[in-house]
Amino acid sequence: MSWFCKPSSVPLWRDEFPVFTAGERYVSRRQFTKFLTLTSFGMLVGNLWILAQSWSRRAPAWPRLRVAEADEIAVGGVKTFSYPTAADPCILVRTGADSYVAYSQKCTHLSCAVYYEKARNRFECPCHQGFFSIADGSVLQGPPRRALPRVALERAGGQLIAIRVEAENA
Amino acid sequence: MNPNPPENRGLTAIDGAMALIVILLIVQIWLLSATLESYLAGHREAAIPGAIISAILFAACLALYRFVDRIDSDVRQDIK
Ligand code: FES
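About the thresholds
Residues numbered from 1 in each chain as written. Chains lettered and ligands numbered in written order. Predicted model: local features only at pLDDT ≥ 70, side-chain atom pairs only at ≥ 80, totals over all residues. Heavy atoms only, no water. Pairing = 2+ DSSP bridges. Helix = DSSP H or I, 4+ residues; strand = E, 2+ residues; numbered from the N terminus. Axes fitted to C-alpha atoms, helices over the stretch in contact; angles between N-to-C directions. pLDDT = per-residue confidence, 0-100. Contact = heavy atoms within 4.5 Å. Buried area = accessible area lost by both parts, 1.4 Å probe. Salt bridge = Lys/Arg side-chain N within 4 Å of Asp/Glu carboxyl O. Polar contact = N/O pair within 3.5 Å; in protein donor to acceptor, adjacent residues only side chain to side chain. Buried < 20%, exposed > 50% of the residue type's maximum accessible area, 1.4 Å probe, protein only.

Asks: Please give an account of the sheet that holds strand 2 (residues 78-82) of chain A that cites residues and values.
Replies: Residue and element names in this part refer to chain A. Spatially, the six strands line up as an open sheet ordered 1-10-9-4-3-2, and their pairing is antiparallel. Strand pairing shows two members of the sheet lacking a second neighbour, strand 1 (65-69) and strand 2, which therefore form its edges. Within the sheet, the average angular offset between the axes of one strand and its neighbour, ignoring direction, is 35°.

And the structure:
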């Protein structure tokens, strides 16, 4: 390990347990510096782990899921569903006679369920007053820093089909 | 009176290097949390620069540690 520490002619115990008080100051500083360097190595490992994860993750294959009949919901009405898995609650809103939007229902702050506030035409999170735009899911107010992931919809006849999630992290 | 007795030689340099390592480490901790935040937000392009900068910071910490270790072993050789 000569690249890490200078090779010493004295036995290790003497290196680590100095006889003189003066030597103690150096040992404690050296050991603390070694600890800091190893912590820095830990941070590097963390960054490499993120790099490995981002390389190994592939784009998911999105299932097609029938969400609702187009005329099943009134204008301004809401329907909840789960997409792409049962553990991913989503919310569908009919915003006009012929327009529908769907977003993940999990608040991007701490995952509380957002609801559609019809009077203000926005999504609201009751936990910490996080508000999201109905137009694009962006944050209007509150602690969330990321937009609500949007669920892309397709019209097939009279049916609304969820085809993928267009999140920042999708 | 000698203002810098032999048993204190190099202590200022060691303290300076330690302070520098602490600063580098704080930057590295911030970098890790920022890269993680960005990765979780789906921005994978931040992972490569994050890892490269983190490696550079670690190399700097390692160099400073070697510097401290060198002074330390030289001085203790003398005061033995
Ligand atoms: S969980 Fe929604 S604002 Fe905090």
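The discussion continues.
Asks: Explain the confidence of the model for chain B residue by residue, including any values.
Replies: Of the residues in chain B, 85% reach a pLDDT of 70 or more, and the chain-wide mean stands at 86. Across the predicted assembly, pTM comes out at 0.63 and ipTM at 0.88.

Asks: Mind laying out the interface of chain A and chain B, listing which residues take part and the relevant values?
Replies: Between chain A and chain B, the residue contacts involve 40 residues of the former and 48 residues of the latter. Note on chain A versus chain B: buried area summed over both sides is about 4100 Å², and carbon and sulfur give 64% of it. Counting the contacts that link chain A with chain B gives two salt bridges. Asp-15 of chain B is the salt-bridge partner of Arg-29 of chain A, the closest N and O atoms lying 2.6 Å from each other. There are five residue pairs in polar contact (both at pLDDT 80 or more) connecting chain A and chain B.

Asks: Give a description of the pattern of salt bridges that names residues and reports values.
Replies: Scanning the model with the defined rule gives 10 salt bridges over all chains in all. Measuring nitrogen to oxygen at the nearest pair gives 2.4 Å for the salt bridge that ties Asp-72 of chain B to Arg-30 of chain A. Residue Asp-72 of chain B is located in helix 2 (residues 47-79), and its partner Arg-30 of chain A is located in helix 2 (residues 21-56); the two belong to separate chains. Between Arg-64 of chain A and Glu-154 of chain A there is a salt bridge; the shortest N-O distance is 2.7 Å. Residue Arg-64 of chain A is located in the loop between helix 2 and strand 1, and its partner Glu-154 of chain A is located in strand 9 (residues 150-156); the two are separated by 90 residues in the primary sequence. Overall, the relative accessible area of 53% leaves Arg-64 of chain A in the exposed class. Using a relative accessible area of 28% as the deciding quantity, one classes Glu-154 of chain A as partly exposed. Each of the salt bridges in this network shares a partner with another, and the network as a whole consists of Arg-120, Arg-122 and Glu-124 of chain A.

Asks: So what's going on with the sheet that holds strand 5 (residues 115-117) of chain A? Which residues, and what values?
Replies: All names here are of chain A. In space, the four strands of this open sheet follow the order 5-6-7-8, with antiparallel pairing throughout. One side of each edge strand has no neighbouring strand; the edge strands of this open sheet are strand 5 and strand 8 (139-141). With direction set aside, neighbouring strand axes in the sheet form an average angle of 40°. Examined bridge by bridge, strand 7 (residues 130-133) and strand 8 share two bridges and lie antiparallel to one another. The residue bridging Phe-132 from the neighbouring strand is Val-139, located in strand 8.

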